[in-house]
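Geometric and topological summary
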Amino acid sequence: MKQKSKWLLLLLLLLVVGLVGCNTNEKITTSATPDNEEKPKTEEVSLTIGSWRTEDVAKYEKVIALFNEQHPDIHVSFNPTKNTEYNTVLNTALQAGEGPDIFHLRPYAAGLKLAEAGYVEKINGLNGLNVFPEEALKASRDDQGNQYGVPINLSSTQFFYNKKIFKDNNLEIPTTWDEFMALNDQLLEKGITPIAMGTKEGWLLSLLHGIVGPAVYGGNDFYQAVLGGEKDFTDAKFIESIQVMNDLKKYFPANSEGLGMDDIRTLFALEDAAMFPLGSWEIPVVLEMNPDLDLGYFPIPSKEGNKTVTTWVDGSFAINANSKNKEAAKVFLEFLTTKEFGELFVKEFSMISAIPGITSDDVLLNDISHSTANEATPYMWVTNFTGGDPTTKSLLESELQGMYLGQVTPEEVATKIQENAKTWFTPFQK
């Protein structure tokens, strides 16, 4: 009986050991299976973007969606401010050590002032910057070669025109300055407002001078001479370009002194004016107002027949130096240098990408892109003359408004601009 008990006890011990062994093997097998491992969670990051482009909210949602296809853990919010309030709102936030992680940086001197104040993160060596031409990068690069922004789009200014009005009245695109002036006279004789332009908002006047001025003072040759200090704003050709601005007033709508941007855009979109001297960004705006508008454009010609469109980088995206998410912000800026972003930007925004070689299905936009590559002259009031107090650009605007009201002559406008620029523009201080 005792012998049987010993064997029974031994059998039970072997059974227990076997069960424990099976369980141990099962655990080892399960933990070694990669499919069943608990993967570490990627830390999620939230970024905010500040901008003056309130009209682009839906478009940037598509940009963010494309970005999130590759970076789903970086949540991006586009929070724009009204364009007339943007500078004040952004500057106040930055001075308080706050503000969006990424923000639209005004081009050239206006944006670089924020960088000089220490509010903008340097992005030297950012992956993808090498896709841009040097001229585009200069819009957000300081004198020491530090890069602060990724250029987004090129803007151009030119004369848009209503093809139907031209066709119905047997009018041709002008190929010389004299033909351009004759075209305005023909339209006026037919009772058609030639140029949709108002003088209520000063920025429209510096923009108009940026379009027609180069045709009179000599385009890039004069521009380069100014940068080198060889010529200035007392030059006879420059004074003539101001006189031309005065001469064009008779082709503006009645009561142009009281007309602003919304007024002249509506005038052209509703086909009550034949031409509209403005920026490439207006293409989707006027076509949304009037999808049936047969819209064309032409570069302004000089007396000799040289054609120019005025171009500049109209904003870059930069990183807030006080952002707590700089690395994630750099990932987003790198995305802005890609072909995928450039193609989406052109498609959705109907603007010219700062990334070279990006084409559009829009024939008009492609034609303007071709002009910016081959017939461009810098918009010098933005690229080089936003310094001074008041800025030379803003003084030009107020003086032109005074000229249209008969308070100052073209010669006086040029003299005051030169006096202002000489106080800060180094080439004029030689």
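Parameters at a glance
Residues numbered from 1 in each chain as written. Predicted model: local features only at pLDDT ≥ 70, side-chain atom pairs only at ≥ 80, totals over all residues. Heavy atoms only, no water. UniProt positions renumbered as here; feature names shortened; annotations may be inferred. Helix = DSSP H or I, 4+ residues; strand = E, 2+ residues; numbered from the N terminus. Rg over C-alpha atoms; globule rule 2.2 N^0.38 Å. Buried < 20%, exposed > 50% of the residue type's maximum accessible area, 1.4 Å probe, protein only. Contact = heavy atoms within 4.5 Å. Areas by Shrake-Rupley, 256 points an atom, 1.4 Å probe, with all protein chains shown as cover. Lys, Arg positive; Asp, Glu negative; His and termini not counted. Charge placed at Lys NZ, Arg CZ, Asp CG, Glu CD. Arc of directions from axis to C-beta. Salt bridge = Lys/Arg side-chain N within 4 Å of Asp/Glu carboxyl O. Pairing = 2+ DSSP bridges. Axes fitted to C-alpha atoms, helices over the stretch in contact; angles between N-to-C directions. Core = buried A, V, L, I, M, F, W, Y, C linked by side-chain atoms within 4.5 Å. pLDDT = per-residue confidence, 0-100.

- Looking at an unreviewed UniProt entry, one finds the protein chain named Probable sugar-binding periplasmic protein, with Lysinibacillus boronitolerans JCM 21713 = 10a = NBRC 103108 as its source organism.
- Recorded in UniProt under Sequence similarities (unreviewed entry), the annotation for the protein chain is "Belongs to the bacterial solute-binding protein 1 family."
- Recorded in UniProt under Subcellular location (unreviewed entry), the annotation for the protein chain is "Cell envelope".

A closer look at the overall build of the protein chain
- Broken down by element type, the protein chain carries 18 helices and 13 strands.
- Against the globule reference of 22 Å for 430 residues, the protein chain gives a C-alpha radius of gyration of 31 Å, more extended than a compact globule.
- In terms of overall dimensions, the protein chain has a C-alpha envelope of 130 × 55 × 35 Å along the principal axes.
- When each of the 430 residues of the protein chain is scored for burial, the buried share is 50%.
- If you take every contact in the protein chain between residues at least 6 apart in sequence, the share linking residues at least 24 apart comes to 75%.
- Carbon and sulfur atoms provide 50% of the accessible area of the protein chain, an area that totals close to 21400 Å².
- The distance from the centre of the 36 positive side-chain charges to the centre of the 59 negative ones in the protein chain is 8 Å.

Observations concerning helix 9 (residues 219-227)
- Those residues of helix 9 lying buried are Gly219, Phe222, Tyr223, Ala225 and Val226. Taken down its axis, helix 9 places every buried residue within 165° of arc, on the same side.
- Looking at the buried residues of helix 9, the elements they touch are helix 8 (202-217), helix 10 (236-247), strand 13 (376-378) and helix 16 (380-383).
- Positive phi shows up at Gly229, right after helix 9, with a value of about 75°.

Regarding the pattern of salt bridges
- Per the stated rule, a full pass over the model turns up 17 salt bridges.
- Across the salt bridge formed by Glu348 and Lys62, the nearest N and O atoms sit 3.1 Å from each other. Placement of the pair is Glu348 in helix 14 (residues 339-349) and Lys62 in helix 2 (residues 57-70), with a sequence separation of 286 residues.
- What makes Lys62 partly exposed here is its relative accessible area of 44%.
- Between Lys164 and Asp168 there is a salt bridge whose closest N-O contact spans 2.8 Å. Here Lys164 and its partner Asp168 are both found in helix 6 (residues 163-168), four residues apart, which amounts to about one turn of the helix.
- Residues participating in the shared-partner salt-bridge network are Arg53, Glu55, Asp56 and Lys59.

Section: the sheet that holds strand 1 (residues 45-50)
- One open sheet holds the five strands; their spatial order is 2-1-3-11-4, and the pairing between them is mixed. Each of the sheet's edge strands pairs with one partner strand only, and the pair in question is strand 2 (74-78) and strand 4 (149-151). On average, each strand axis in the sheet is inclined to that of its neighbour by 25°, with strand direction left out of account.
- The pairing of strand 1 with strand 2 spans five bridges and is classified as parallel. When the sheet's bridge partners are listed, Ser46 is paired in strand 2 with His75.
- Most of the contacts of helix 2 go to strand 2, to which it runs at about 170°, and overall it touches strand 2, strand 3 (102-105) and strand 11 (316-319).

What to know about unusual backbone geometry
- Backbone torsion omega between Asp389 and Pro390 reads 0°, so that peptide bond is classified as cis.
- One can find Pro390 in the loop between helix 16 and helix 17 (392-404).
- Positive phi, normally seen in glycine, also occurs at Glu271, with a value near 65°.
- Mapped onto the fold, Glu271 is located in the loop between helix 11 (261-269) and strand 7 (273-279).
- Exposure remark for Glu271: the relative accessible area of 31% places this residue in the partly exposed category.
- Of note, the phi angle at Ser350 is positive, near 55°, even though the residue is not glycine.

With respect to the nonpolar core
- Core analysis: the largest hydrophobic core is formed by 116 residues, its most contacted members being Phe159, Phe180, Phe238, Met275, Phe332 and Leu333.
- In terms of residue count, helix 8 provides more of this core than any other element does, nine residues in total.
- Sequence-distant contacts of Phe238, defined by excluding residues within four places in its chain, comprise His209, Tyr217, Phe222, Phe233, Met380, Trp381, Ala414 and Ile417.
- Counting residues in hydrophobic clusters, the runner-up holds twelve residues, among them Trp52, Tyr86, Phe103 and Leu105.

Things to note about the confidence of the model for the protein chain
- Of all residues in the protein chain, 90% have pLDDT values of 70 or greater, and the mean over the chain is 90.
- Low pLDDT, under 50, characterises residues 1-41; the predicted model gives this stretch two contacts beyond four residues in sequence or across chains.

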